[in-house]
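Observations on chain architecture
Listed below are the residues making up each chain.
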Amino acid sequence: MAARKRASADTSTEPKSQVKPKSQEPTPTEPPTAPLKSKAGFILAFSLLLLAPYLYLIFHHYKIEHDLKKSILINAGLSLAGFFVTLKMIPVASTYVLRRNLFGYDINKKGTYGGTLRVPESLGIVVGIVFFVLAILFQYFNFTSDSNWLVEYNAALASICFMTLLGFVDDVLDVPWRVKLLLPSFAALPLLMAYAGHTTIVIPKPLIPYVGLEVLDLGWIYKLYMGLLAVFCTNSINIHAGLNGLEVGQTVVIASAILIHNIVQIGASTDPEYKLAHAFSIYLVQPFIATSLALLSYNWYPSSVFVGDTYTYFAGMTMAVVGILGHFSETLLIFFAPQVLNFLLSLPQLSGLVPCPRHRLPRFDSKTGLLTGTNDGTLVNFTLRLLGRMSEKSLCIVLLVFQAIACGLCFMLRYFLAGWYK
């Protein structure tokens, strides 16, 4: 979370010949800039370790069709290239955003040298650009002009692109949060208009005797639900923030769970259309994870760059899109359990029942370097009140572990309820 500072432009209309020289006045020195230190080595090594179970599922545990496996691997190769491209582009983009005074100060380091450093902001735009290039290039390898999925694939990219643009506009113009709630509704329109999938839900088996139906067609209500899901996913990532690495970290954890879920569903299903729906999700999630990991290498504690609302909106819309078109929106909401809890804790302040400050961050003690939870309704503060004071890095790790546990419980829930619930 950054306290943004912008320099005002010189709007003087006085001719330069009439401007008096100010050589005798001391030139104000700019605050120092945070050094761009990448943790790419650690991030890449840790990612390869976590990649092992994913590769095991693809190559050994499940028998996936050759053509489908080939498309997944081509997409993975493009994603790996996107990781390194993003790593190279972030330092370049940082110099440009600093020129335009798009930077912030780390509030959780206030009172220390780290709190005086200018940190480049809105670097989520780099991730968005590389992601779109990869997603468009992949169409050459996988889709034909008469592909049934091509329309929805491009509609998904249009929604994600629209949301990324609105996020960058928010970073530049600082849009009020009440307006932010509505932005995903507009960005989701291309997807909702192009959506040609089913609008039915499977009634849970325990409720069938009471409802009298096994499948219920919701019609336009289902599309309304999809729009609301996009609004929730986008804003929930945006408000569960405030620590170095938390926004990108939680996104990578959820996206990794989505990736494994898709492979499990492809391997366990015999329905070709169902497999294609989950493959569609994989084609978007793999480049999304790769580019996000590159951003995380600069955003992990201590942050060299801030991701901005550009990234949180982009990430939320991407996961909403893959959940909707992959037809696993219920599972997606369970993956978002910590975000749901954070939203419920935030509801009194967001609704205006309780005063809501601009930055609902913990209180930082510059002498000890520890954070103390405040009474603000966020999962970050609730965790500090529950577990006690801790450093920013430790707190972020605790929250990411909690996110991973929530995703793991989702898999367990699906396993134990399979055959009974649906």
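Read on for an overview of the structure. (Residues numbered from 1 in each chain as written. Predicted model: local features only at pLDDT ≥ 70, side-chain atom pairs only at ≥ 80, totals over all residues. Heavy atoms only, no water.)

1. Concerning the packing of helix H4 (residues 150-173) against helix H12 (residues 308-325)
When two helices pack together, you describe them by how their axes are tilted relative to each other and by the distance separating the axes. One can describe the packing of H4 onto H12 by two numbers: an axis separation of 7 Å at closest approach and a directional angle of 160°. Comparing their axes, H12 and H4 come out roughly antiparallel. Note on packing geometry: the crossing formed by H4 with H12 is right-handed. Contacts between H4 and H12 involve Glu-152, Ala-156, Ser-159, Ile-160, Met-163, Thr-164, Leu-166, Gly-167, Phe-168, Asp-170 and Asp-171 on the former and, on the latter, Gly-308, Asp-309, Thr-310, Tyr-313, Phe-314, Met-317, Thr-318, Val-321 and Leu-325. In terms of residue class, the contact of H4 with H12 is built from 10 nonpolar, six polar and four charged. (Axes fitted to C-alpha atoms, helices over the stretch in contact; angles between N-to-C directions. Helix = DSSP H or I, 4+ residues; strand = E, 2+ residues; numbered from the N terminus. Parallel < 35°, antiparallel > 145°, perpendicular 65-115°, else oblique. Left-handed = near helix turned anticlockwise from the far one by under 90°. Contact = heavy atoms within 4.5 Å. Nonpolar A, V, L, I, M, F, W, Y, C, P; charged D, E, K, R; others polar.)

2. Focus on the packing of helix H9 (residues 220-239) against H12
Between H9 and H12, the least distance of the axes is 8 Å, while the angle of their chain directions is 145°. The two elements H9 and H12 cross, and the hand of that crossing is right-handed. Where H9 approaches H12, its residues Met-226, Leu-229, Ala-230, Cys-233, Thr-234, Asn-235, Ile-237 and Asn-238 are matched on the opposing element by Asp-309, Thr-312, Tyr-313, Gly-316, Met-317, Met-319, Ala-320 and Ile-324. Taken together, the residues that form the contact of H9 with H12 break down as 10 nonpolar, five polar and one charged.

3. Looking at the side chain of Arg-360
Residue position: Arg-360 is located in the loop between helix H14 (337-350) and strand E6 (363-365). As a buried residue without a salt bridge, Arg-360 has its nearest oppositely charged side chain in Asp-376, at a separation of 6.1 Å. Within polar-contact distance, the side chain of Arg-360 engages the side chain of Gln-349 at 2.9 Å. There is a polar contact of 3.2 Å between the side chain of Arg-360 and the backbone oxygen of Gly-377. Discounting residues that sit within four places of it in the chain, Arg-360 has contacts with Ile-239, Ser-346, Gln-349, Asp-376, Gly-377, Thr-378 and Asn-381. (Buried < 20%, exposed > 50% of the residue type's maximum accessible area, 1.4 Å probe, protein only. Lys, Arg positive; Asp, Glu negative; His and termini not counted. Salt bridge = Lys/Arg side-chain N within 4 Å of Asp/Glu carboxyl O. Polar contact = N/O pair within 3.5 Å; in protein donor to acceptor, adjacent residues only side chain to side chain.)

4. Let's talk about the pattern of salt bridges
Overall, the coordinates contain four salt bridges when judged by the stated rule. With a shortest N-O distance of 3.4 Å, Lys-109 and Glu-392 are connected by a salt bridge. Here Lys-109 is found in the loop between strand E2 (103-106) and strand E3 (119-120), whereas its partner Glu-392 is found in helix H16 (residues 392-417), with 283 residues between them in sequence. Residue class for Lys-109 comes out buried when judged on its relative accessible area of 10%. Judged by its relative accessible area of 4%, Glu-392 is buried. Connected via shared salt-bridge partners are Asp-106, Lys-109 and Glu-392.

5. Remarks on unusual backbone geometry
Omega for the peptide link from Tyr-301 to Pro-302 comes to -10°, which places this bond in the cis form. Following the sequence through the fold, Pro-302 ends up in the loop between helix H11 (272-299) and H12. Phi is positive for Ser-122, close to 65°, though the residue is something other than glycine. Residue position: Ser-122 is located in the loop between E3 and helix H3 (124-142). With a phi close to 60°, His-327 is a non-glycine residue in the positive phi region.

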